[in-house]
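Take a look at the letters that make up each chain.
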Amino acid sequence: MIGLVQRVRQARVEVAGQVVGAIGPGLLVFVCAEPADDTLQAQRFVDKVLKLRILADEAGRMNRSVQDTRGGLLIVSQFTLAADTAGGNRPSFTGAAPAEQGRRLYDTVLALARERHSPVEAGEFGAHMAVHLVNDGPVTIPLRVA
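What counts and how
Residues numbered from 1 in each chain as written. Predicted model: local features only at pLDDT ≥ 70, side-chain atom pairs only at ≥ 80, totals over all residues. Heavy atoms only, no water. Core = buried A, V, L, I, M, F, W, Y, C linked by side-chain atoms within 4.5 Å. Buried < 20%, exposed > 50% of the residue type's maximum accessible area, 1.4 Å probe, protein only. Contact = heavy atoms within 4.5 Å. 1 Å grid on protein atoms, 1.4 Å probe; cavity = no way out; pocket = protein on both sides within 12 Å on 5 of 7 lines; lining within 4 Å. Points joined across faces, edges and corners; volume = space filled by probe spheres on them. Helix = DSSP H or I, 4+ residues; strand = E, 2+ residues; numbered from the N terminus. Nonpolar A, V, L, I, M, F, W, Y, C, P; charged D, E, K, R; others polar.

Asks: Which residues make up the nonpolar core, and what values go with them?
Replies: One finds Leu-27, Phe-45, Leu-73 and Ile-75 to be the most contacted residues of the largest nonpolar core, which totals 29 residues. What Phe-45 contacts, discounting residues up to four positions off in sequence, is Met-1, Ile-2, Gly-3, Val-29, Phe-30, Val-31, Val-109, Leu-143 and Val-145. Counting residues in each nonpolar core, the second largest holds 10 residues, with Ala-11, Val-13, Leu-74 and Val-76 among its members.

Structure representation (structure tokens):
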């Protein structure tokens, strides 16, 4: 499972001009399932995101997790994280899980995150989304969970 985690002051996702998910301070998490992924990778992914210490402590150091700060999570599906550009200028997305598997694993990530943390907001799987964010730092962390 591939992820991209951004520490944000605020973020929101719009579909067809309507806000479908929004958070204040916390983490914007883009997630992409790969063909070999299953529920175990989804669990490991959520564990890593919830424990990732990239939020500031009292001294301003990246030493706190989203659970420590009770910050928001905005989780957005993004199959383009599996892009392969080695073969030319047009990316290949064959490294992403097929749509049905991707949807199932995205829903699993959301369910697991919501069981363990609040608030958790979400984008809409398969939709054309406008993602608005104010990156804090900026802090952007690539994440891969096997």
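Asks: Which residues make up the layout of surface pockets, and what values go with them?
Replies: Taken as a whole, the largest pocket holds about 390 Å³ of empty space. Along the wall of the largest pocket there are 22 residues; nearest its centre are Ser-77, Gln-78, Phe-79, Phe-125 and Gly-126. When contributions to the lining of the largest pocket are tallied by element, the ones reaching two or more residues are β3 (26-32), β6 (72-77), α3 (99-116) and β8 (129-144). With 4 residues, the top contributor of residues to the lining of the largest pocket is α3. Along the lines of polarity and charge, the residues of the lining of the largest pocket split into 16 nonpolar, 6 polar and no charged.

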